[in-house]
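Residue strings, one per chain:
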Amino acid sequence: MREKGSGREDAIMEQKRECHRGCGCGRKLSYEHDSLYSMMRACGYHLYVRSGREAGQGRILAILLDRKSMTQKALQDILRIQPGSVSEILTKMEEKGLIRRQKDEEDRRRSVIELTEAGHEAAVRQEQQEDGTPTFAALSEQEQEEMKKMLAKLLESWK
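Not measured: the values here are computed from a predicted model. (Residues numbered from 1 in each chain as written. Predicted model: local features only at pLDDT ≥ 70, side-chain atom pairs only at ≥ 80, totals over all residues. Heavy atoms only, no water.)

**Let's talk about the pattern of salt bridges**
Working step 1: Taken as a whole and assessed by the stated rule, the structure comprises eight salt bridges.
Working step 2: With its nearest N and O atoms 3.6 Å apart, the salt bridge here joins Lys-92 to Glu-88. Here Lys-92 and its partner Glu-88 are both found in helix α5 (residues 83-95), four residues apart, which amounts to about one turn of the helix.
Working step 3: One salt bridge in this structure joins Glu-145 and Lys-148, with 3.7 Å as the shortest N-O distance. You can see Glu-145 and its partner Lys-148 sitting in helix α7 (residues 141-157), three residues apart, about one turn around the helix.
Working step 4: Given the relative accessible area of 42%, Glu-145 is considered partly exposed.
Working step 5: Residue classification places Lys-148 among the exposed residues on the basis of a relative accessible area of 53%. (Salt bridge = Lys/Arg side-chain N within 4 Å of Asp/Glu carboxyl O. Helix = DSSP H or I, 4+ residues; strand = E, 2+ residues; numbered from the N terminus. Buried < 20%, exposed > 50% of the residue type's maximum accessible area, 1.4 Å probe, protein only.)

Quick look at the structure:
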């Protein structure tokens, strides 16, 4: 049996994590040698699986939680998907009672979308871990803001 030493091996052992898939395999993961790409994929997988809903619906919930209300066209522009696809997702969300669509008072051709109370609750739950702690609680507010800036920079470069 190896004695506890100092240095690199102990640092690696401290960084080991349980398998993120929640499959109970007991496998330990170390992120030290992973590429940025594989770490981003693991984060994406965690967020997608935990949301428990279609990716488009989860994104819409998050956007509306942040912006309160917006036109369907503005939402379509943010999501960068076809108008028919946005409409289909919104119809499903409306049927589930997560959003409401109303005609814009200034321009009756436009629809304004906002969260219902159930949609707001679902959006808030989506941003929490299973134990109720915020998803990004491991990061300070400053670190979260820095991460948002870096991710926005990446997303802009991929347009």
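**Digging into the confidence of the model for the protein chain**
Working step 1: Confidence in the prediction for the protein chain averages 78 pLDDT; 72% of positions are at 70 or higher.
Working step 2: Low pLDDT, under 50, characterises residues 1-16; the predicted model gives this stretch 17 contacts beyond four residues in sequence or across chains. (pLDDT = per-residue confidence, 0-100. Contact = heavy atoms within 4.5 Å.)

**Side note on the sheet that holds strand β4 (residues 99-103)**
Working step 1: Taken in spatial order, the three strands make up an open sheet running β3-β5-β4, and their pairing is antiparallel. This sheet does not close on itself; its edge strands, each paired only once, are β3 (69-71) and β4. Ignoring strand direction, the axes of neighbouring strands in this sheet form an average angle of 25°.
Working step 2: Strand direction decides the pairing type here: β4 and strand β5 (residues 111-115), joined by five bridges, are antiparallel. Among the inter-strand pairings, Gln-102 is bridged to a residue of β5, identified as Val-112.
Working step 3: Strands in contact with helix α4 (residues 72-79) are β3, β4 and β5; relative to β3, the strand with the most contacts, it is inclined by about 90°.
Working step 4: Across the sheet, α5 is in contact with β4 and β5; its angle to β4 comes to roughly 115°. (Pairing = 2+ DSSP bridges. Axes fitted to C-alpha atoms, helices over the stretch in contact; angles between N-to-C directions.)

**Observations concerning helix α6 (residues 117-126)**
Working step 1: Among all positions in α6, only Gly-119, Ala-122, Ala-123 and Gln-126 are buried. Summarising the axial view, the buried residues of α6 lie within an arc of 100°, below the 170-degree limit, and thus occupy one face. (Arc of directions from axis to C-beta.)

**Section: unusual backbone geometry**
Working step 1: The phi dihedral of Lys-68 falls on the positive side, at around 70°, and the residue is not glycine.
Working step 2: Take Lys-68: it is sitting in the loop between α3 (55-67) and β3.
Working step 3: Positioned with a positive phi, Arg-80 is a non-glycine residue whose angle comes to about 55°.
Working step 4: Residue position: Arg-80 is located in the loop between α4 and α5.
Working step 5: Judged by relative accessible area, Arg-80 falls into the exposed class, the value being 54%.

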